[in-house]
Amino acid sequence: MSLFKARDWWSTILGEKEEFDQGCLCVADVDNSGSGRDKIIVGSYMGYLRIFNPHPVKPGDGAQAEDLLLEVQLREPILQVEVGRFVSGTEGLHLAVLHFRKLCVYAVSGTQGNVEHGNQYQIKLMYEHNLQRTACNMTYGPFGGVKGRDLICIQSMDGMLMLFEQESYAFGRFLPGFLLPGPLTYSSRTDSFITVSSCRQVESYQYQVLAFATDADERQETEQQKLSSGKRLVVDWVLNIGEQALDICIVSFNQAVSSVFVLGERNFFCLKDNGQIRFMKKLDYSPSCFIPYCSVKEGTINTLVGNHSKMLNVYQDVTLKWAAQLPHVPVSVKVANLQDLKGVIVSLSDNGHLQCSYLGTDPSLFQAPRVDSREINYEKFDAEMKELQKIIKEATKTQDILPKSGKHRGLIVTTEVSPDLDAESKAVDSEVKAEAVPSVTVKVTIQSRVTAQKPNLAVCVQAPLAVTCDQFVLDDLEPDSSETVVLSVFLKGNCSPPELEGNCMVSYDTPTELNPEGIPKVAQCNFRLPLRLICFPAQPSKAANHKLTIDTNKPPVSFLAIFPDFVDPSEDDQANVLGFQFLTGSKTTLLASKTSQRYRIQSDQLEDLWLITKELMLRLEEHFKKQNCKDFACSFSGSIPLQEYFELIDRHFELRLNAEKFQELLSERAVQFRAIERRLLTRFKDKTPAPLQHLDTLLEGTFREVIALADAAEENQVNMFQAFTKLKSATHLVIMLITLWQKLSADQVAILEAAFLPLAEDTQELGWEETVDAALSYLLRTCLSKSAKEQALTLSSQLCMPKDTSRLKKNITLFCDRLAKGGRLSLSTDSATQQPAVMPGGCTTIPESDLEERTVTPGSTATFPDHGRIAKQKSKPGLSEDAAEEAEKP
């Protein structure tokens, strides 16, 4: 921060709520008075044109009425104002005003006044050009070396340079490789236009090259154009500056060589006429505008640079000579001669603060006022402190973003899922091939106890489930008011979902005394969808490829009691066996043992076991909870179906590999397609066309290959989504079986789910396989490690798609084996070196055997003992006999 401020000589505020930018300020003797005094011309985006001639009685005076020479409204936003010799037949200065679709040139003249009101000024339209393209900026100069007049060049938003020879339009040319317009200026020394492209490089184009290049006004070539000698527009020189430019200025003073100044976002550059860097200055602030001007020292150039910290820095080449503070952030700065005062700095802010200032050495320092010595009244201070603490406490209560308890919540969201399916299905654009796709109604009720501003409701369900509408914009809620929203959920994709749960989230703002705009808060609520939404009763199946047995500690319950929506009360044979037909076509059978406390779930697909098993356990828990039975528990004593689980992993990974292959093939065919296009265009543009040599046939064939590959990639993407959905269902099943098998706590289940289900969506950049492999590797080297040597191993910090799934399957098998031998899941590294814990039931843990030192076959089915059979560990090791034999093979 500078010690000194820019000394205010004259200032004013332009209009109300008007906006200004870089090209809205210009200084020149626009009325051709011949006195050598500049006038300040300002145009605004509101269409107002103002001309000032400041002459304060003393420095620091505000604007007087007579300082404003002219103010007119042109009804269109003013992008840029410039003063030059724009009218033929005279060398007088005229004012050029650039609008979005129009260029106007005015003559400014003054009439001597006979009364005390002073002189009268007016503008007269000399000519105008209606533009066919939206303008961005303009520059002017003696293009082509003309004498005594200035021509105008306008750059459009789509990259066309439109050149006007005063009253007539000359020609237009498109800049090659154009994307976004940048600053534009003209160098009379080299007769070239200089701009900065969106490639962040300074480019120079010769006027002669522009004049003789192919005309850009006509898109299609005619026979006459084909025979003409039109040339391609090429750049004269290019310099890559690596950042976007804010402004460009051409400097050509008597005592200094001609230079091109470019102001970037973090640097400003001084270039020679041929594009070589003369010098550059790295800035430690964000600049907003600049203007080079003549220096008193020969061979150097002074530069004024304004920044967003309201500072004005003066550089002599690269040396900072002075810094002064401005009362605003300048968007444009000029140097003018006003009222016999040379070198006045004219600055303009984006909200219309126009100031004429000069650099002075009178510091503006803050001086603390003298404190009157008086006795301290401690009782008064204590009372004031208590009052302030009370205010702070109340403000803290009202500004809590997350409510501490339910009774203090300002907004409560509740959901009610209809127990019956919709009589008329609301399913839209469903891909399920079933005869009828049902839907269920969900009613969301929002109860507000406070004022809730801008409430937005979002309803989320896991794909392939979908809702009829997932976003609701509600009106503001008053205290003790409510709002109800009704929607329907249905199965959209042709596969079973991994979860039958949804989430409602409401975001809103609550205003307070300290923050009237409102504090953002969120309220949410989960809901559970019925099983009938994705399946219906069917005839049980006796044979199945996959079977699971769940043990309980209570007698089996009749399905008439726990599945009343799937069982016909008149049929007694459905009390112990029940069939489920999914909408996607697969079937699952549920059986209850008559003699033991077991339930069997069987299906031809492993992933279809998950939802039925979960629904069974939830309904059993609800049934025994209603009977006030608190010791109900489930367990699993069978083998974890790792072999079938690995097949789903391999299927998903194969589709990911196919997606990469399709992407590579599409890239190759696209490159080939563009190469053929370029060759065809070259031959079509040639004056003496050569035979196509079957290039058109090759182009058509390549196009068909691209379309076929795109269709195949799209189909593979659909298959990969379905495979990932099945993999998530099977992963949920494996997590549940491991939980029942090892009787894991809630914290351990959370770690297990975070390791096996880290992603909500699967992408090529970050896939399920590498993420799970990294998580399991971390657990195996921390809480499940055998020694400190394993803990010392470093993990890769970069996740990338593996070549195959062998390492992942080996880690999953080893993970289950470590759990079977007493390992416990924990995020604390201290638990890795602790002694093996005693397993439930008073049984000791399985001692470490030499099985882990051997190669574990990833494709094997792991048969891990349950807690009741651990005493027989010698006859039943951690792996099955077949798996152990495979492991012993070299």
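Quick caveat, the model's predicted, so the values are computed rather than measured. Along every chain, residues carry numbers that run from 1 in the direction the sequence is written. Residues qualify for local features only when their pLDDT is at least 70, as the model is predicted, and side-chain atom pairs are given and counted only at 80 or more; totals for whole chains, interfaces and linings, by contrast, use all residues. By convention in this description, side-chain values take in all heavy atoms of the structure and omit both hydrogens and water.

Here's the deal with the overall build of the protein chain
And then number 1: For the protein chain, the helix and strand inventory stands at 12 helices and 43 strands.
And then number 2: Note on classification: 1.4 Å probe, protein chains only; a residue is buried when its accessible area is under 20% of the maximum for its type, exposed when over 50%, partly exposed between these limits. Sorting the 890 residues of the protein chain into buried and exposed places 45% on the buried side.
And then number 3: Any pair of residues with heavy atoms lying within 4.5 Å of one another is described as a contacting pair. Considering only contacts within the protein chain whose residues lie at least 6 apart along the sequence, 62% involve residues at least 24 apart. The way it works is that DSSP assigns letters per residue, a run of H or I at least four long becomes a helix, a run of E at least two long becomes a strand, and they are numbered from the N terminus.

Section: helix 11 (residues 806-820)
And then number 1: Residue count minus one, scaled by 1.5 Å, sets the expected span of a helix. Taking 1.5 Å as the rise per residue, helix 11 with 15 residues should run 21 Å; its terminal C-alpha atoms sit 21 Å apart, in good agreement.
And then number 2: Across the 15 residues that make up helix 11, a large majority, 12, are buried.
And then number 3: Backbone geometry just after helix 11 places G822 at a positive phi near 100°.

Regarding the sheet that holds strand 21 (residues 267-271)
Each strand in a sheet pairs with its neighbour through backbone hydrogen bonds, running either in the same direction (parallel) or in the opposite one (antiparallel).
And then number 1: Read across the sheet, 4 strands follow the order 19-20-21-22 without closing on themselves; strand pairing throughout is antiparallel. The strands lining the two open edges of the sheet, one partner per strand, are strand 19 (245-251) and strand 22 (277-282). The mean angle between the axes of side-by-side strands here comes to 15°, regardless of whether they run parallel or antiparallel. Strand pairing is defined by DSSP finding a minimum of two bridges between the two strands. In this analysis, axes come from line fits to C-alpha atoms, helices being fitted only over the stretch in contact, and the angle between any two N-to-C directions falls in the range 0 to 180 degrees.

Description of the packing of helix 7 (residues 695-742) against helix 8 (residues 746-756)
And then number 1: Two elements in contact, helix 7 and helix 8, have axes separated by 11 Å at closest approach and are oriented at 155°. In terms of their interaxial angle, helix 7 and helix 8 are classed as roughly antiparallel. For helix 7 against helix 8, the interelement crossing comes out right-handed. Contact with helix 7, carried on its side by T731, I735, I738 and T739, involves V749, L752, E753 and F756 of helix 8 and no other residues of that element.
And then number 2: When residues are grouped by polarity, Ala, Val, Leu, Ile, Met, Phe, Trp, Tyr, Cys and Pro land in nonpolar, Asp, Glu, Lys and Arg in charged, and all others, Gly among them, in polar. In terms of residue class, the contact of helix 7 with helix 8 is made up of 5 nonpolar, 2 polar and 1 charged. Roughly parallel means an angle under 35 degrees; roughly antiparallel, over 145; roughly perpendicular, 65 to 115; everything else is oblique. The handedness criterion is simple: a crossing whose near helix is rotated anticlockwise from the far helix by less than a right angle is left-handed, and one whose near helix is rotated clockwise is right-handed.

What about a negative patch on the surface?
And then number 1: Nonpolar side chains (Val, Leu, Ile, Met, Phe, Trp, Tyr) within 5 Å and like charges within 9 Å form the patches, drawn only from residues with over 30% relative accessible area and no salt bridge. All accessibility values rest on the Shrake-Rupley procedure with a 1.4 Å probe; residue burial counts only the protein chains present in the view. Between Lys or Arg on one side and Asp or Glu on the other, a salt bridge is scored when a side-chain nitrogen of the former is within 4 Å of a carboxyl oxygen of the latter. Charged residues are defined here as Lys and Arg on the positive side and Asp and Glu on the negative side; His and the ends of the chain fall outside this count. Where a charge sits is defined by one atom per residue type, namely NZ (Lys), CZ (Arg), CG (Asp) or CD (Glu). On the surface, a cluster of negative charge is contributed by D475, D476, E478 and E483.
And then number 2: With respect to the helices and strands, the residue E478 is situated in the loop between strand 34 (471-473) and strand 35 (481-491).
And then number 3: Residue E478 is classed as partly exposed on the basis of its relative accessible area of 47%.

Some details on unusual backbone geometry
Leave glycine aside and you will find that most residues have negative phi; peptide bonds, for their part, are mostly trans.
And then number 1: Along the chain, A463 connects to P464 via a cis peptide bond; the corresponding omega equals 15°.
And then number 2: Secondary-structure assignment places P464 in the loop between strand 32 (453-461) and strand 33 (465-467).
And then number 3: Even without being a glycine, R200 presents a positive backbone phi close to 65°.
And then number 4: Here R200 shows up in the loop between strand 16 (192-196) and strand 17 (201-206).
And then number 5: Residue class for R200 comes out partly exposed when judged on its relative accessible area of 41%.
And then number 6: Positioned with a positive phi, N628 is a non-glycine residue whose angle comes to about 60°.
And then number 7: Considering the arrangement of structural elements, one finds N628 in the loop between helix 5 (608-626) and strand 43 (634-635).

Looking at the packing of helix 8 against helix 9 (residues 768-781)
And then number 1: Two elements in contact, helix 8 and helix 9, have axes whose closest approach is 8 Å; the angle formed by their N-to-C orientations is 140°. Our classification of the angle between helix 8 and helix 9 gives oblique. Seen from helix 8, the contacting residues are I751, A755 and F756; seen from helix 9, they are W768, V772, A775, L776 and L779.
And then number 2: Looking at the contact of helix 8 with helix 9, its residues break down into 8 nonpolar, no polar and no charged.

A closer look at the nonpolar core
And then number 1: Take the buried Ala, Val, Leu, Ile, Met, Phe, Trp, Tyr and Cys residues and link them wherever side-chain atoms come within 4.5 Å; each set so joined is a nonpolar core. Within the largest apolar cluster, 99 residues are counted, with the highest numbers of intra-cluster contacts made by I534, F563, Y645, F756, F815 and L825.
And then number 2: The residues contacting F563, other than those within four sequence positions of it, are L578, F580, L590, E615, L616 and R619.
And then number 3: Formed by 23 residues, the second largest nonpolar core is a distinct cluster that contains L263, C289, L304 and Y315.

Focus: the packing of aromatic side chains
And then number 1: For this analysis, a ring pair means two rings from Phe, Tyr or Trp (six-membered ring only for Trp) whose centres lie within 6.5 Å, classed as stacked if their planes differ by under 30 degrees, edge-to-face if by over 60, and tilted for the remaining angles. Inspection of the entire model under this criterion finds 20 aromatic pairs.
And then number 2: With a centroid separation of 5.4 Å and 90° between ring planes, the pair formed by F86 and Y140 is classed as edge-to-face. Of this pair, F86 sits in the loop between strand 7 (80-84) and strand 8 (94-98) while Y140 is found in strand 11 (residues 135-141), placing the two residues 54 residues apart along the sequence.
And then number 3: Take Y140: its relative accessible area is 30%, and that puts it in the partly exposed class.
And then number 4: Among the aromatic residues, those joined into a ring-pair cluster are F143, F171, Y186, F193 and Y207.
And then number 5: A positively charged side chain is recorded as over a ring if its NZ (Lys) or CZ (Arg) lies within 6 Å of the ring centre. The angle to the ring normal must also be within 35 degrees. The residue whose ring lies beneath R532 is F566, and the NZ or CZ to ring-centre distance is 5.5 Å.

Examining a nonpolar patch on the surface
And then number 1: Together, I376, Y378 and F381 give the surface a local cluster of nonpolar side chains, amounting to about 360 Å² of exposed area.
And then number 2: Following the sequence through the fold, Y378 ends up in helix 3 (residues 378-398).

What about the pattern of salt bridges?
And then number 1: All chains considered together, the criterion is met by 27 salt bridges.
And then number 2: A salt bridge links E501 to K614, with the shortest nitrogen-to-oxygen separation between them at 3.6 Å. One end of the pair, E501, is in strand 36 (residues 501-510); the other, K614, is in helix 5, with 113 residues separating them in the sequence.
And then number 3: You can call K614 buried: its relative accessible area is 18%.
And then number 4: One network of salt bridges, in which partners are shared, links R528, D565, E615, R619 and E622.

Side note on the environment of A463
And then number 1: When you line up the elements, A463 lands in the loop between strand 32 and strand 33.
And then number 2: C-alpha of A463 to C-alpha of P498: the two residues are 35 residues apart in sequence and 8.4 Å apart in space.
And then number 3: Excluding anything up to four places from it in sequence, A463 contacts P498 and F721.

Looking at the pairing of strand 20 (residues 259-264)
And then number 1: Strand 20 sits mainly inside the fold: 6 of its 6 residues count as buried.
And then number 2: Here strand 19 runs beside strand 20; their pairing, made up of 6 bridges, is antiparallel. Counterpart to I250 in the pairing with strand 20 is V260.
And then number 3: Bridge analysis of strand 20 against strand 21 gives 4 bridges, and the strand direction is antiparallel. Looking at strand 21, one finds that V260 is bridged to L271.
And then number 4: Taking the residues that link successive antiparallel strands as the turn, the strand 20-strand 21 hairpin has 2 residues.

Regarding the confidence of the model for the protein chain
And then number 1: Of the residues in the protein chain, 84% have a pLDDT of 70 or more, and the chain-wide mean is 82.
And then number 2: Per-element mean pLDDT across the protein chain ranges from 37 in helix 12 (residues 881-888) up to 95 in strand 8.
And then number 3: Here pLDDT means the predictor's own confidence in every residue, given as a number from 0 to 100. In the model, residues 217-230 has pLDDT below 50 throughout and makes 14 contacts with residues more than four positions away in sequence or in other chains.
And then number 4: Every residue in residues 829-890 scores below 50 in pLDDT, and together they form 101 contacts with partners more than four places removed in sequence or on other chains.

Things to note about the pairing of strand 2 (residues 25-28)
And then number 1: Alternating residues of strand 2 divide into L25 and V27 and C26 and A28, and every residue in both groups is buried.
And then number 2: As defined by bridge partners, strand 2 adjoins strand 3 (residues 39-43) across 4 bridges and the pair is classed as antiparallel. Within the sheet, the bridge partner assigned to V27 lies in strand 3 and is I40.

Quick word on the side chain of T510
And then number 1: For T510, the location among the structural elements is in strand 36.
And then number 2: Apart from residues lying up to four places away in sequence, T510 is in contact with V450, T451, G518, I519 and K521.

Thoughts on the sheet that holds strand 26 (residues 319-325)
And then number 1: Taken in spatial order, the 4 strands make up an open sheet running 23-24-25-26, and their pairing is antiparallel. Each edge of the sheet is formed by a strand with only one pairing partner; in this case those strands are strand 23 (287-294) and strand 26. Each strand axis lies, on average, 20° off the axis of its neighbour in the sheet, ignoring direction.
And then number 2: Looking at chain direction, strand 24 (residues 301-307) and strand 25 (residues 311-316) are connected through 5 bridges and run antiparallel. The partner of L304 across the bridge, within strand 25, is V314.

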